Amino acid sequence: MTIALCGSWDHEGACRWPHHSQAERNEGRTNLRVVFVADPVEEESVRRMIGDALLGGHCTGPDGTISQWTLETSGASVLTEDERELARRIAASSS
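This section reports on the structure supplied with the text. (Residues numbered from 1 in each chain as written. Predicted model: local features only at pLDDT ≥ 70, side-chain atom pairs only at ≥ 80, totals over all residues. Heavy atoms only, no water.)

**Here we look at the overall build of the chain**
Worth spelling out the cut-off: Numbered from the N terminus, helices here are DSSP runs of H or I no shorter than four residues, and strands are runs of E no shorter than two. The atom set for the radius of gyration is the C-alpha atoms, and the globule formula is 2.2 Å times the number of residues raised to the power 0.38. Here's how the labels work: a residue is buried when its accessible area is under 20% of the maximum for its type, exposed when over 50%, partly exposed in between, all with a 1.4 Å probe on protein chains only. Should any heavy atoms of two residues lie within 4.5 Å, those residues are counted as being in contact. Shrake-Rupley sampling with a 1.4 Å probe provides the accessible areas, and residues are treated as covered by the protein chains on show and by no other component.
From N to C terminus, the chain includes three helices and four strands. Start at the N end of the chain and walk to the C end: the helices and strands fall as α-β-β-α-β-β-α. By the compact-globule yardstick of 12 Å for 95 residues, the chain fits well, its C-alpha radius of gyration being 14 Å. Taken along the three principal axes of its C-alpha coordinates, the chain extends 35 × 30 × 20 Å. The buried share among the 95 residues of the chain stands at 19%. Once local pairs closer than 6 in sequence are excluded, the contacts in the chain between residues at least 24 apart make up 43%. Working note: accessible area of the chain is about 7,100 Å², and carbon and sulfur atoms make up 49% of it.

Next comes the structure, spelled out in structure tokens:
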């Protein structure tokens, strides 16, 4: 997500769209949740960037390690209360 939303692993200044990704293994599958902060007019564009990154199926990490995956499903969901608090914190830290 960092490359999709920021353009690189390392960048100067705050993220344009602050975000946090959390992966969980469940019954042999990995579920990824991405919490991001964006102006309402940019939300659809940010969702599209995230979706495109997931559809790409691979990523080279900052240490050169290549990760690969197959996307089965994706979509927006309602934030939990903990995720709402996380969004408030990442928004505050980027301003």
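**Quick notes on the pattern of salt bridges**
Going by this rule: Think of a salt bridge as a Lys or Arg side-chain nitrogen and an Asp or Glu carboxyl oxygen that are within 4 Å of each other.
One pass over the structure, following the stated rule, counts seven salt bridges. Note that Glu81 is salt-bridged to Arg88, the shortest N-O span being 3.2 Å. The salt bridge involving Arg88 is made with Glu85; its shortest N-O contact spans 3.2 Å. Note that Arg88 and Glu85 are positioned in helix 3 (residues 81–94) at a spacing of three residues, about one turn of the helix. Looking at Glu85, the relative accessible area reads 33%, which means it is partly exposed. Put simply, Glu81, Arg84, Glu85 and Arg88 are held in one network by salt bridges that share partners.

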